[in-house]
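A closer look at the structure
Listed below, chain by chain, are the residues.
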Amino acid sequence: MDAILTLIAPFFRDLYETTGINFNVFYDPYQFKRFLIGAENSILLILAAILLSVIVGVAGAAIQQSRSTWLRWLVGGYIQLFRNTPPMVQLLFFYFGLGAYAPQVDMGGYYQPMVSAFGWAVIALGIFGGAFNVEIFRSGIEAVPKATLEAAESLGFKPWQTFVYFTLPLAFRICLPALTTNLVSLAKTTSLAYVISVPEMANMLNQVWSSTFNIPEMMAVLFCFYVGVVWLLAAFLHWLERRLRLRGYSK
Amino acid sequence: MQSIPDNSAVSLAASPSMVTVSIRDLHLSYGKLEVIKGVSLDIRRGEVVCIIGPSGSGKSTLIRCINGLTPFQSGSITVGDQQVGDAKLDKIRLRRKVGIVFQQYNLFPHKTALQNVMMAPLKVLKEPRAEVERRARELLAKVRLAGKEDSFPGELSGGQQQRVAIARSLAMRPEIMLFDEVTAALDPETVQEVLLTIRELAEDGMTCVLVTHEMAFAREVADHVYFTDGGKIVEHGPPEEIFGSPQDERTQRFLSRLL
Ligand SMILES: Nc1ncnc2c1ncn2[C@@H]1O[C@H](COP(=O)(O)OP(=O)(O)O)[C@@H](O)[C@H]1O
Ligand SMILES: [Mg+2]
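Residues numbered from 1 in each chain as written. Chains lettered and ligands numbered in written order. Predicted model: local features only at pLDDT ≥ 70, side-chain atom pairs only at ≥ 80, totals over all residues. Heavy atoms only, no water.

So, about the overall build of chain A. Counting its secondary structure elements, chain A contains 9 helices and 2 strands. Secondary structure of chain A in N-to-C order comes out as α-α-α-α-β-β-α-α-α-α-α. On C-alpha atoms alone, chain A measures out to a radius of gyration of 23 Å, which is more than a quarter above the 18 Å that the 2.2 N^0.38 rule sets for 251 residues. Counting only C-alpha atoms, chain A reaches 75 × 50 × 35 Å along its principal axes. (Helix = DSSP H or I, 4+ residues; strand = E, 2+ residues; numbered from the N terminus. Rg over C-alpha atoms; globule rule 2.2 N^0.38 Å.)

So this is what it looks like as structure tokens:
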């Protein structure tokens, strides 16, 4: 990372000195550090929230296939609740509402909450994105041909094996386009973690512009950062779609 | 080294008429719709049994009952030493013994032909991979699909897919194979290649139950033919009798419509 800074610093310092356009995060080592912390946290937050939301989605969809009425009812209630409330309210609810009751751990003299703001952001956003994923996976599961699953059954596969080896892989392929849309949307929503002071990109750049007053430049950095990250994510998911496309069933 | 006698071949020769599937007074309804109304039949080891009859007469339902895919209300089905209606039935052991091939092939579209054949022995029987793969390649060669191991179902013709489905069932080393109108969805040209595969299986001594509309084929390979109509067995006997001189008026009408 230091090597990168050494490489780009002369250009941005020169830019500042000649034009007054101040991208100090790209030449000042101290501000560059802030940029890196912001980038790392934002990217980790996106990846962790996506991972959790997919796990929640698969688990929820699996539960919805179960025979237990009250379990299905529970998942249905969860979906309604989290799809129909603003994600920012959910973040605040988790961090300030539940966070107040979370256990504190003794750090040798002072106490720290067991779940950090970052942790709460992952939980809240994962559960928010998961509510949509449950519906997406459920529609995928329902579109898997029953005859294919019956063939598996006739070969002696147990119900859980059929689910893991056939239902899930086929459902995943069917719902991947819808999943891509939701995950890209979730990635953008993670920037809301700003409101619970997670040191993500917007927060770190806020610290930068508060001290050096280069607000427009930092806004441009923030904007471009998300353009790049979201583009990468979408490109990866589209690559996955092509990779997993069932061969011989071209549209 | 001591040579081990092939027990299955010995017992097969010793008791050629051994009953392996026995159905007694089977009744089945879907809700109010009575689909099977008291069917009894025996299938002996090594025998080829054909079930013919108009569509909707319960042929598919009947053979699906044999490997426990469709539950029935009363009567009994015995496969070897297992009672299919038993609440504590070991379905995996039953399905090892009884393979079924469907009209629409129902291959796993995300797996290659070879993987389709290997999946069940690997995951259900938990057999060693090298051995499973060797046998899967042999089976694909046997159904004349050597060279297609790495093709996906979507890249194969209907007849080729159906032969992969047959190999997939055979990979479990079943004692009985059920075929439910396996050529009904195929182009006329590819029907023959699938029938050839089935004929070879029958010649190898596999117990086969065939639901089919290929009357010439049934007449040629069957040891015993059952004619079903309205959920009942109307008439049964050796193919010469059923096709040559059908006794029941419904059989006569059905056969004359096909000729
Ligand atoms: N899963 C099912 N639910 C309700 N009715 C069914 C079902 N499967 C088959 N049937 C009905 O049972 C009857 C027999 O069907 P089937 O066994 O498929 O006959 P065949 O194979 O001789 O054409 C038909 O009237 C069919 O509509
Ligand atoms: Mg049928």
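With that settled, consider helix H2 (residues 29-64) of chain A. Given a rise of 1.5 Å per residue, 36 residues ought to cover 52 Å, and the 52 Å separating the end C-alpha atoms of H2 of chain A matches this to within 8%. Of the residues flanking the start of H2 of chain A, the one acting as N-cap is Asp28 of chain A, its side-chain oxygen 2.9 Å from the backbone nitrogen of Tyr30 of chain A. (Expected span 1.5 Å × (residues − 1). Polar contact = N/O pair within 3.5 Å; in protein donor to acceptor, adjacent residues only side chain to side chain.)

Attention now moves to the layout of surface pockets. If you add up the space inside the largest pocket, you get close to 740 Å³. When residues of the lining of the largest pocket are traced back to their parent elements, those giving at least two are helix H5 (117-143), helix H6 (146-154) and helix H7 (159-189) of chain A together with helix H3 (91-97) of chain B. Among the residues making up the lining of the largest pocket, the classes are represented as 7 nonpolar, 5 polar and 9 charged. When its volume is computed, the second largest pocket comes out at roughly 440 Å³. Taken together, 20 residues form the lining of the second largest pocket, with Arg173, Ile174, Arg245, Leu246 and Tyr249 of chain A sitting closest to its centre. At the level of secondary structure, the elements contributing two or more residues to the lining of the second largest pocket comprise H7 and helix H9 (215-244) of chain A. (1 Å grid on protein atoms, 1.4 Å probe; cavity = no way out; pocket = protein on both sides within 12 Å on 5 of 7 lines; lining within 4 Å. Points joined across faces, edges and corners; volume = space filled by probe spheres on them. Nonpolar A, V, L, I, M, F, W, Y, C, P; charged D, E, K, R; others polar.)

Here we come to the UniProt feature "domain: ABC transporter" (unreviewed entry) in chain B. With numbering aligned to this structure, UniProt lists the feature "domain: ABC transporter" (unreviewed entry) at residues 21-255 of chain B. With 38% helix and 26% strand, the stretch residues 21-255 of chain B has end C-alpha atoms that lie 27 Å from each other. (UniProt positions renumbered as here; feature names shortened; annotations may be inferred.)

With that settled, consider the pairing of strand S3 (residues 48-52) of chain B. All names here are of chain B. Counting buried positions along S3 gives 5 out of 5 residues, so the element sits mostly inside the fold. Alternating positions in S3 separate into two faces, Val48, Cys50 and Ile52 on one and Val49 and Ile51 on the other, with burial throughout. Summarising the sheet, S3 and strand S8 (residues 207-211) pair through 4 bridges and their orientation is parallel. Residue pairing for S8: Cys50 is matched across the bridge by Leu210. (Buried < 20%, exposed > 50% of the residue type's maximum accessible area, 1.4 Å probe, protein only. Pairing = 2+ DSSP bridges.)

The next thing to look at is the sheet that holds strand S4 (residues 74-79) of chain B. Residues and elements named next belong to chain B. Read across the open sheet, the 4 strands follow the order S2-S1-S4-S5; overall the sheet is antiparallel. If you trace the sheet from one side to the other, it starts and ends with strand S2 (33-44) and strand S5 (82-83), each paired once. Along the sheet face, helix H2 (residues 59-66) touches strand S1 (19-30), S2 and S4 and points at about 125° away from the line of S1. (Contact = heavy atoms within 4.5 Å. Axes fitted to C-alpha atoms, helices over the stretch in contact; angles between N-to-C directions.)

Residue and element names in this part refer to chain B. The full set of residues close to ligand 1 is Tyr30, Leu33, Val35, Pro54, Ser55, Gly56, Ser57, Gly58, Lys59, Ser60 and Thr61. At a separation of 2.6 Å, an oxygen atom of ligand 1 approaches a polar side-chain atom of Ser60. Thr61 is positioned with one of its side-chain polar atoms (N or O) 2.4 Å from an oxygen atom of ligand 1. Protein coverage of the free-state accessible area of ligand 1, which is 560 Å², stands at 58%. Elements with a contribution of two residues or more to the shell around ligand 1: S2 and H2. The leading source of residues in the shell around ligand 1 is H2, at 3 residues. Considering only residue class, the shell around ligand 1 consists of 4 nonpolar, 6 polar and 1 charged. (Near = heavy atom within 4 Å. Areas by Shrake-Rupley, 256 points an atom, 1.4 Å probe, with all protein chains shown as cover.)

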